[in-house]
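Structural overview for review
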Amino acid sequence: MDYVDISLPGFNMLSDVRGTLSGVRMSLAGNQWFVVNELMDYLGRLGFRVYVETIPPGLVRERALGRALRVGNLVIDVRPDIVSLPTGMLKGLNVTEYFEYVENDLAIVYGSREVRDWCELRGVRVAIPNPVTEGIGQLFRELYMEYCGDYEGLISGNAYLTRIHHREIPALLQGGLIDAGVVWRTEATYWGFKHVVPTRNRVGKLAFALMPWASGEARELFRHLRDPEVRAIYEKYGFRWVAP
């Protein structure tokens, strides 16, 4: 079977899948993982049963293209009805409709050694989101190359390239295994890490998209993703709401 694998030894493998598979199925870019419980609670109060996976956006896109998801020995081979992706990653996907809903910018979290700017990451033990699977990884690579130059030199030095950054970077920093990490501003705030948001930055936007095979129930739920209550949940965690 063709699948994407989010198994990650040493980390909680089931932290990114939750809910009821027989309900509306949602595959969301992973930087929203700490929003999902409240979002699911709200949708549950409306009468919806939901399944939500929070995985790197490159893998969300693969799920939208029909690939299954593997977590350890568990294979989830149901297709998502609704996906959440950086807007640019929707290109080439067959979707019924979509709308942008939040934006976010990048931050540097650090431990005992203060890091004030992107270029100061050279020479410290830094964890960097993978640009192949992570939207934030792509944005950071563009940012670093524009302002600091040698990205390849950075990652070949003391850098650790993540597979699933929202699981790895917090644990690595808390364990003292890295000096700094590149995360979304909302993640830095959620964890309460010491962090800096450099003036030179990039902004990422996310869009909800409805897939053509979505059920009638999924289509109804999709309309509720614009509700003021959903906006309040995201804004509570520091996301900037951009949906009309």
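Model, not experiment: these values are computed from the prediction.

This paragraph deals with the overall build of the chain. Summing up its helical and strand segments, the chain has eight helices and 14 strands in all. Taking 2.2 N^0.38 as the reference for a compact globule, 244 residues should give roughly 18 Å; the C-alpha atoms of the chain span a radius of gyration of 18 Å, in line with that estimate. Seen through its principal axes, the chain has C-alpha atoms that stretch 55 × 40 × 30 Å. When each of the 244 residues of the chain is scored for burial, the buried share is 55%. Approximately 10,600 Å² of the chain is accessible, and the part contributed by carbon and sulfur atoms is 49%. For the chain, the distance from the average position of its 28 positive side-chain charges to the average position of its 29 negative side-chain charges is 1 Å.

Following the criterion strictly, the structure yields one disulfide and no others. Note that Cys-119 is cross-linked by a disulfide to Cys-148, the S-S spacing being 2.1 Å. Between Cys-119 and Cys-148 the sulfur-sulfur dihedral comes to about -90°; the bridge is accordingly left-handed. One end of the pair, Cys-119, is in the loop between β8 (97–110) and β9 (126–128); the other, Cys-148, is in the loop between α3 (135–147) and α4 (151–155), and 29 residues separate them in sequence. You can call Cys-119 partly exposed: its relative accessible area is 32%. In this structure Cys-148 comes out as partly exposed when scored by relative accessible area, which is 24%.

Turning our eyes to something else, we now look at the packing of aromatic side chains. Going through the model one piece at a time under the given rule, you end up with 20 aromatic pairs. Centre to centre, the rings of Trp-33 and Tyr-190 are 5.2 Å apart; their planes meet at 80°, and the pair counts as edge-to-face. Here the residue Trp-33 occupies a position in the loop between β3 (24–29) and α1 (36–45), and Tyr-190 occupies one in helix α6 (residues 185–191), the gap between them amounting to 157 residues. The partly exposed category is assigned to Tyr-190, whose relative accessible area is 38%. An angle of 40° between the planes, with centres 5.9 Å apart, marks the rings of Trp-33 and Trp-191 as tilted.

Below, the discussion takes up the pattern of salt bridges. In total, this model carries 16 salt bridges according to the counting rule given. For Arg-116, the salt bridge goes to Glu-120, with nearest N and O atoms at 3.3 Å. Taking the relative accessible area as the measure of exposure, Arg-116 reaches 54% and is therefore exposed. Since its relative accessible area comes to 29%, Glu-120 is described here as partly exposed. The salt bridge involving Arg-125 is made with Asp-179; its shortest N-O contact spans 2.9 Å. Of the two residues, Arg-125 sits in the loop between β8 and β9 while Asp-179 sits in the loop between α5 (165–174) and β11 (180–184), which places them 54 residues apart along the sequence. The exposure class assigned to Arg-125 is partly exposed, which follows from its relative accessible area of 35%. Three or more residues are tied together by salt bridges with common partners; here these are Glu-103, Asp-105, Arg-185 and Arg-240.

Helical periodicity: at 3.6 residues per turn, an α-helix aligns residues three or four positions apart in one direction. Turning to helix α8 (residues 228–236), its buried residues are Val-230, Ile-233 and Tyr-234. Buried positions in α8, seen along its axis, are confined to an arc of 95° and lie on one side of it. In this structure, α8 carries Pro-228 and Lys-236 as exposed residues pointing more than 90 degrees from its buried face. Buried residues belonging to α8 abut α1, β8, β13 (203–210), α7 (216–224) and β14 (240–241). Where α8 ends, the next residue or the one after it, Gly-238, has phi of about 95°, a positive value.

Further remarks concern the pairing of β8. Counting buried positions over the 14 residues of β8 gives 11, a clear majority of the element. Strand direction decides the pairing type here: β8 and β13, joined by eight bridges, are antiparallel. Residue pairing in the sheet places Glu-100 in a bridge with Ala-207 of β13. Relative to β14, β8 is paired through two bridges, and the arrangement is antiparallel. Paired with Glu-103 across the two strands is Arg-240, which belongs to β14. Pairing geometry for β8 and β11, over five bridges, is antiparallel. Within the sheet, the bridge partner assigned to Ala-107 lies in β11 and is Val-183. Sheet analysis places β8 next to strand β12 (residues 194–196), joined by three bridges and oriented antiparallel. What sits directly across from Ile-108, in β12, is Val-196.

Reading the values: rules and limits
Residues numbered from 1 in each chain as written. Predicted model: local features only at pLDDT ≥ 70, side-chain atom pairs only at ≥ 80, totals over all residues. Heavy atoms only, no water. Helix = DSSP H or I, 4+ residues; strand = E, 2+ residues; numbered from the N terminus. Rg over C-alpha atoms; globule rule 2.2 N^0.38 Å. Buried < 20%, exposed > 50% of the residue type's maximum accessible area, 1.4 Å probe, protein only. Areas by Shrake-Rupley, 256 points an atom, 1.4 Å probe, with all protein chains shown as cover. Lys, Arg positive; Asp, Glu negative; His and termini not counted. Charge placed at Lys NZ, Arg CZ, Asp CG, Glu CD. Disulfide = S-S within 2.5 Å. Phe/Tyr/Trp six-rings, centres within 6.5 Å; stacked < 30°, edge-to-face > 60°. Salt bridge = Lys/Arg side-chain N within 4 Å of Asp/Glu carboxyl O. Arc of directions from axis to C-beta. Contact = heavy atoms within 4.5 Å. Pairing = 2+ DSSP bridges.

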